[in-house]
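Spelled out, the chains give:
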Amino acid sequence: QVQLVESGGGLVQAGGSLRLSCAASGSISSIDVLGWYRQTPGKQRESVAVIASGIRITYVDSVKGRFTLSRNNAKNTVYLQMNSLKPDDTAVYYCRAIGRVGDYWGQGTQVTVSS
């Protein structure tokens, strides 16, 4: 089992920044893929930034150059630094962990960017 707890969402003006955190607990060593996803009403959940095998990071085109995923292994936490936020970034952001023991999601954190 893996538990994921997100934090750091909120309301910010366009051009502002937020940092999301995802704290993982449980069978940490079993995680192969860790990442951030987002979803808006009526749309499919999309991958935003994902780190695989602890090395390779992939970003969706719309956030490249603005968002940065980082990981603190000592704290079992992954971060998403979001800069130059746009209203289109408004969504519920979810942390996801995939590993040998299963596929896990956090509860989500709301990010709202006002114009």
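Peer 1: Explain the sheet that holds strand β3 (residues 18-26) here, please?
Peer 2: The pairing of strands in a sheet comes from backbone hydrogen bonds and takes either a parallel or an antiparallel form. Overall, antiparallel pairing links the four strands, which are arranged β1-β3-β8-β7 in an open sheet. Two strands in the sheet have a free side with no partner beyond their single neighbour: β1 (2-7) and β7 (67-72). Neighbour-to-neighbour, the strand axes of the sheet open up by a mean angle of 15 degrees, direction not taken into account. Relative to β3, β1 is paired through six bridges, and the arrangement is antiparallel. Note on β3: the bridge partner recorded for Glu6 is Cys22.

Peer 1: Whenever I open this one, empty space enclosed by the protein confuses me. Can you help?
Peer 2: Enumeration over the complete set of coordinates arrives at one cavity of 30 Å³ or more. Here the largest cavity defines a volume of roughly 50 Å³. Those elements giving two or more residues to the lining of the largest cavity turn out to be β3, β4 (31-39), β7 and β8 (77-82). Considered class by class, the residues forming the lining of the largest cavity number six nonpolar, four polar and one charged.

Peer 1: Explanation requested: the state of the cysteines in the structure shown.
Peer 2: Linking two cysteines covalently through their sulfur atoms gives a disulfide. If you walk through the whole model with that rule in mind, you get one disulfide. Cys22 shares a disulfide with Cys95; S-S distance 2.1 Å. Its torsion about the S-S bond being -80 degrees, the disulfide of Cys22 and Cys95 is classed as left-handed. Of this pair, Cys22 sits in strand β3 while Cys95 sits in strand β9 (residues 91-99), and the two are 73 residues apart along the sequence. Taken as a pair, Cys22 and Cys95 share a single burial class, namely buried.

Cut-offs used in this document
Residues numbered from 1 in each chain as written. Predicted model: local features only at pLDDT ≥ 70, side-chain atom pairs only at ≥ 80, totals over all residues. Heavy atoms only, no water. Pairing = 2+ DSSP bridges. Helix = DSSP H or I, 4+ residues; strand = E, 2+ residues; numbered from the N terminus. Axes fitted to C-alpha atoms, helices over the stretch in contact; angles between N-to-C directions. 1 Å grid on protein atoms, 1.4 Å probe; cavity = no way out; pocket = protein on both sides within 12 Å on 5 of 7 lines; lining within 4 Å. Points joined across faces, edges and corners; volume = space filled by probe spheres on them. Nonpolar A, V, L, I, M, F, W, Y, C, P; charged D, E, K, R; others polar. Disulfide = S-S within 2.5 Å. Buried < 20%, exposed > 50% of the residue type's maximum accessible area, 1.4 Å probe, protein only.

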